[in-house]
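The chain contents come next:
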4 protein chains.
Amino acid sequence: MIKAGIIGATGYAGAELVRLLMGHKDAEIVWYGSRSYIDEKYASIYRNFFELVDNTCMDDNMEELASRVDVIFTATPQGYLAGLLNEELLNKVKIVDLSADYRIKDVAVYEKWYGIEHKSPQFIKEAVYGLCEVNREQVKHARLVANPGCYTTCSILTAYPLVKEGLIDPDTLIIDAKSGTSGAGRGAKVPNLFCEVNESIKAYGVTTHRHTPEIEEQLSYAAGRPIMVNFTPHLVPMNRGILATEYATLVKKADGSIPTAEEIGNVYDTYYKKEKFVRVLGNGVCPETRWVEGSNYLDIGFQIDARTGRIIMMGALDNLVKGAAGQAVQNMNLMFGLSETEGLELVPVFP
Amino acid sequence: MIKAGIIGATGYAGAELVRLLMGHKDAEIVWYGSRSYIDEKYASIYRNFFELVDNTCMDDNMEELASRVDVIFTATPQGYLAGLLNEELLNKVKIVDLSADYRIKDVAVYEKWYGIEHKSPQFIKEAVYGLCEVNREQVKHARLVANPGCYTTCSILTAYPLVKEGLIDPDTLIIDAKSGTSGAGRGAKVPNLFCEVNESIKAYGVTTHRHTPEIEEQLSYAAGRPIMVNFTPHLVPMNRGILATEYATLVKKADGSIPTAEEIGNVYDTYYKKEKFVRVLGNGVCPETRWVEGSNYLDIGFQIDARTGRIIMMGALDNLVKGAAGQAVQNMNLMFGLSETEGLELVPVFP
Amino acid sequence: MIKAGIIGATGYAGAELVRLLMGHKDAEIVWYGSRSYIDEKYASIYRNFFELVDNTCMDDNMEELASRVDVIFTATPQGYLAGLLNEELLNKVKIVDLSADYRIKDVAVYEKWYGIEHKSPQFIKEAVYGLCEVNREQVKHARLVANPGCYTTCSILTAYPLVKEGLIDPDTLIIDAKSGTSGAGRGAKVPNLFCEVNESIKAYGVTTHRHTPEIEEQLSYAAGRPIMVNFTPHLVPMNRGILATEYATLVKKADGSIPTAEEIGNVYDTYYKKEKFVRVLGNGVCPETRWVEGSNYLDIGFQIDARTGRIIMMGALDNLVKGAAGQAVQNMNLMFGLSETEGLELVPVFP
Amino acid sequence: MIKAGIIGATGYAGAELVRLLMGHKDAEIVWYGSRSYIDEKYASIYRNFFELVDNTCMDDNMEELASRVDVIFTATPQGYLAGLLNEELLNKVKIVDLSADYRIKDVAVYEKWYGIEHKSPQFIKEAVYGLCEVNREQVKHARLVANPGCYTTCSILTAYPLVKEGLIDPDTLIIDAKSGTSGAGRGAKVPNLFCEVNESIKAYGVTTHRHTPEIEEQLSYAAGRPIMVNFTPHLVPMNRGILATEYATLVKKADGSIPTAEEIGNVYDTYYKKEKFVRVLGNGVCPETRWVEGSNYLDIGFQIDARTGRIIMMGALDNLVKGAAGQAVQNMNLMFGLSETEGLELVPVFP
């Protein structure tokens, strides 16, 4: 039985980790870290766990934690793990970091977009970007996994095969993403109050959202050269779910024609047919976040516009599962040589 | 492996049965009955099951179905099963009926509140009212289980111990219940459109809702005499969840005092401490539907008002799980001698 | 032109006052008081007023304010106005207080339920309880009006005629109320975050909510003797609206029969037919909050249950309008001898 | 007093017309046409109008209607008005058509996108496209106004000045739009049920939505040449509101630089500073639908991305007001020589 500790267990992503790990045959949580609620019963903060979790919230003593668990999940603010990580820790435990600290390989890019100094850049190279469908083999041997962001998981995987295969011009890629409000976290802020979010939609962080460089880095690897995209997140009055609507110009074939829907579908199938957690919907079927809620699935659909020569790619996932805790467990499974799907065979909950 | 058939698989309760049975180790669905969608892929109606359910919707041929399965779930309109049931069927399969056809023992009461003639009253006596926590032993030996209504499960179990123990005066019982909109079903009706339900709350079926006689019958058994209650349902702009707020006058003790919170708590514990799916919250803690969403739990809380001599009892459950499909699976488990909790150890999903 | 000042202009009730007064022919706002946002553009806090309100938020200097305006609206926390009020102020301006400071005539009751000492009890007697439909004449001559609470306006007016005419037994009165989330205010608190409120319903403040003594006091006047009620508020995932579902036993007539629906309807008509802002719906029609949203209407319906001898009364209003800012403007109109409906002829907004 | 008739008065746009015209000093509704509810009280369908509208729903006899009113609003399905219109009618009354019948000048384009034959193409040329801020002078003299679609009003006005002034390359224009559910109408369809829409977001009509050619036609006029765009609508779980997020590549200046935010802001100001109903927000401020709800405002914001050379333009309006009924009244005001803002000075309702 793998012993797991969570730092940041009382955030939404942390609580989702608890939910998922409770259904995991080979893992158990032994440390519910929460700076804000030390010594309070975890189930008094999240009453869905009443009679299911008897533990009390602990401080975030990484040293002690490392000696008691096999894996640590850090669902913490940016900079937290970078400020604590050292070789001794990594010799003792594996770490899945749900923050952005080790996602971006170029520390200058990290420091520019996040506006903070990186305290332990020496581990960036070692860290594996935990997008399982792309970096599966590396994850298996990692001590430190940088769990991808919610928007980024959705944005990257939706476009990845077409970028990689050169079917779209990555310089034309525009990602218009929409997220449920749990993505904003559980902090007590006026803009996240019910009455402020309900009955409204807005874009935010336009041209400046921190998931942008993460998307660009990964898609640059796919493209084989540096690319830049426009990424625009929106806040939607719902709890969970991310939908990314992505626009790109199709690359013409030698005869001047654009790829057919069948060709595009085949490429998606080549990459994802064998992937349990990526479901490629039929041609012209639009993914909807309701069909993946509570599950680890990413649903992908697309539509070609012959008039404009563009393709519209669409991806939908649950930001707290495939976009955070689910992918973290998927990474843990890979790191420990378990079945990749253990604890993650959750049927989406509808309605 | 128990083979199960569902009639009405494309309603919300039917679809929830599918979700739950997919996670059940000892049961598999072999018949997805849906009059409205015959020959259509089930996963094209409920796309959460894409790549998870490959079956096609079937007609509702009970005869053939009975010869192919061990248990039939009927998630059908009132009168449907009563119109088809016969001894031959019951000799072949066990039936869990999610409609009201066999819930009420007095056929005249059924016919009055439902406004239809009962076509097979001869089976009413045999049918077991499938409120597992109350009728567990009878359910174990039943061929035909009448699965309780969503409002009724919540309303009855919340008041049951106090009525049974004579701690409250049942003639003063007032049940003010609030339900999410999935309780209204998937029929295309203007009052259930998003814009009609959203941003509003209303009472409906005031003094006439059909769950009233069902609540009264069961609580009359508990009281040992016929009782009548006021039951008022309300429609809440949310998908799932029922909250019942119940008011009753506490019966004074010989010394003129009313029961204490501790005494009330002890009674609840006596009845429910050993019950996996009923969670009695601490004194003064109010249940909230969000803490049971997606799970088979009923959360109960209470508050005594020494000023007025009344108690306010509150119960919260997920109408599609403990209020429908979950309880149906719990009944199936009992009928087939399986562990009662198999397939039902679902952690509530929040947020 | 009446000059108005608002203390607490950046709360939800304050902002609604701004919206209503902008449509008022005979009043203009000259002071937007907001301790939290001093010197910020009011329209930068509430961007619905962009290009409509050019003012900047001011401190809450009551002295100076009193010398510059004809009326002050205090949409402030409990105790604020009581801590400042003096004869000099009242000689200069009329005050409509949206807090509870002067609503309850028995200062001991106020101090017990609110848990604070009342700093200026000498003005309690003078203050008029601003329930216009009940105390219209007194309001006209008041210097200080205690604007009723949102729950209380709805709860009292819905039951008032039947209590006053002795048609129901007030000792049996149970009020189960449901409110939209704007009633919880704009403070940044975790329980009011979108993800905490959305997709859930709960009771809160059971037996202890501060609107209880206010309801009891007013209905005691109607009954002609002290009465106590059970009042249970619930939080509903919607922005605006209160629905009160009220239960009471009908008083039998000399012949042992209970009042008929026609008799009840006549009593309601006697009290409210001439009232612009109270709409008595037809027999058996349930009020819904969506039909009053954005308006100053209170909709009332009822249903008699001959089986139990009880009546279910239902009232629906917009908590920010008739439950707060609208009633405050209605009071202002009366105090200044204007048409009572000026600025308040708002058609409910649906959907 | 202008006498107005509404055909389709029981749809959401029709009901909003009723709400707006009730606040209009110079117009009154004398005909509430509704095929589905003939002879029913209008206020029994839309109970927000209880005690405010006493009228009964009428059939849609255009002939008789034309002889009794000065203006007809047709809030009807596509093809309805085209099937009835004739010279005699137009000689009697002015018509504001909220359907698409006369919006598109090229009848072949209309017939292709709408899939129906146009029954009276002879009036297409005469019809004025009622985008008031663009075609104000023509509207003033029109007998027949084609009221623009909700998505199109938002999409066009947001991009119009930059297309017209040649600041963006219209061939790169991508419009990602999000709408509340009232845009889907009041028809009883499963996809519009509360539980189907709530807690989800989806794209629909990708590459095929009928507002596409309307947007293209108007922006082609602005560009001075035919252009094509990608327009993707999304359904958002809220009642009202449209947000259009629009992406385009900025045209470089002679020196190779892109326009500055100040330059862009100046262009918007040139076009809209004098427009009552278009509010250009400050640089970098994102419009949100909540700030325009219930009002006739369109809020516009933008953000330049120097990295990619693109601009993100954003527009937000209330689809039932500026996107339908409000603009219809604005057109009526122009057609009858009234103040353009009469009946439309509605302060947005928040929360």
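Coordinates for the structure precede this section.
Okay, so let's go over this structure. (Residues numbered from 1 in each chain as written. Chains lettered and ligands numbered in written order. Predicted model: local features only at pLDDT ≥ 70, side-chain atom pairs only at ≥ 80, totals over all residues. Heavy atoms only, no water.)

### Considering the interface of chain B and chain A
Okay, so step 1: Taken together, the contact between chain B and chain A spans 35 residues of the former and 35 residues of the latter.
Okay, so step 2: Together, Arg47(B), Trp291(B) and Pro351(B) form the three largest contributors to the area buried by chain B at its contact with chain A, with a combined 22%.
Okay, so step 3: In this structure, Arg47(A) and Glu288(B) form a salt bridge, with 3.8 Å as the shortest nitrogen-oxygen distance.
Okay, so step 4: Between the two partners, chain B and chain A, sit 14 residue pairs in polar contact (both at pLDDT 80 or more).
Okay, so step 5: Elements represented by at least two residues in the side of chain B that touches chain A include exactly α1 (12–22) and β11 (278–280) of chain B.
Okay, so step 6: By residue number, the principal contributor to the side of chain B that touches chain A is α1(B), which donates four residues.
Okay, so step 7: By residue class, the composition of the side of chain B that touches chain A is 21 nonpolar, four polar and 10 charged. (Contact = heavy atoms within 4.5 Å. Buried area = accessible area lost by both parts, 1.4 Å probe. Salt bridge = Lys/Arg side-chain N within 4 Å of Asp/Glu carboxyl O. Polar contact = N/O pair within 3.5 Å; in protein donor to acceptor, adjacent residues only side chain to side chain. Helix = DSSP H or I, 4+ residues; strand = E, 2+ residues; numbered from the N terminus. Nonpolar A, V, L, I, M, F, W, Y, C, P; charged D, E, K, R; others polar.)

### Regarding the pairing of strand β9 (residues 230–235) of chain C
All names here are of chain C.
Okay, so step 1: Most of β9 is tucked away: six of the six residues are buried.
Okay, so step 2: The two faces of β9 match: Asn230, Thr232 and His234 on one face and Phe231, Pro233 and Leu235 on the other face are all buried.
Okay, so step 3: Relative to β9, strand β7 (residues 174–179) runs parallel, the two sharing six bridges. Across the sheet, the residue bridging to Ile175 is Phe231, located in β9.
Okay, so step 4: When strand β8 (residues 202–203) meets β9, the two strands line up antiparallel, connected through two bridges. Note that in β9 the partner of Ala203 across the bridge is His234. (Buried < 20%, exposed > 50% of the residue type's maximum accessible area, 1.4 Å probe, protein only. Pairing = 2+ DSSP bridges.)

### Examining the relation of the copies chain D and chain A
Okay, so step 1: Mapping chain D onto chain A is achieved by rotating through 180° and translating by 0.0 Å along the same axis, at an RMSD of 0.0 Å. The operation mapping one copy onto its partner corresponds to a two-fold rotation axis. Considering only C-alpha atoms, the part of chain D nearest the rotation axis is Pro237(D), at 3.3 Å.
Okay, so step 2: In this assembly, 100% of the residues forming the interface of chain D have copies in chain A that are likewise at the interface, indicating an isologous arrangement. (Least-squares fit on C-alpha atoms with pLDDT ≥ 70 in both.)

### Quick word on the packing of helix α7 (residues 132–140) of chain B against helix α12 (residues 321–335) of chain B
Residue and element names in this part refer to chain B.
Okay, so step 1: The N-to-C vectors of α7 and α12 enclose an angle of 35°; their axes lie 9 Å apart at closest approach. Crossing handedness for the pair α7 and α12: right-handed. The segment α7 lies against α12, with Cys132, Glu133, Arg136, Val139 and Lys140 engaging Lys322, Gln327, Gln330, Asn331, Leu334 and Met335.
Okay, so step 2: Taken together, the residues that form the contact of α7 with α12 break down as four nonpolar, three polar and four charged. (Axes fitted to C-alpha atoms, helices over the stretch in contact; angles between N-to-C directions. Left-handed = near helix turned anticlockwise from the far one by under 90°.)

### A few points about the relation of the copies chain B and chain A
Okay, so step 1: After a rotation of 180° and a shift along the axis of 0.0 Å, chain B superposes on chain A with an RMSD of 0.0 Å.
Okay, so step 2: Of the interface residues in chain B, 100% have counterparts in chain A that sit at the interface too, so the contact is made through matching surfaces.

In short, geometric facts, not functional conclusions.
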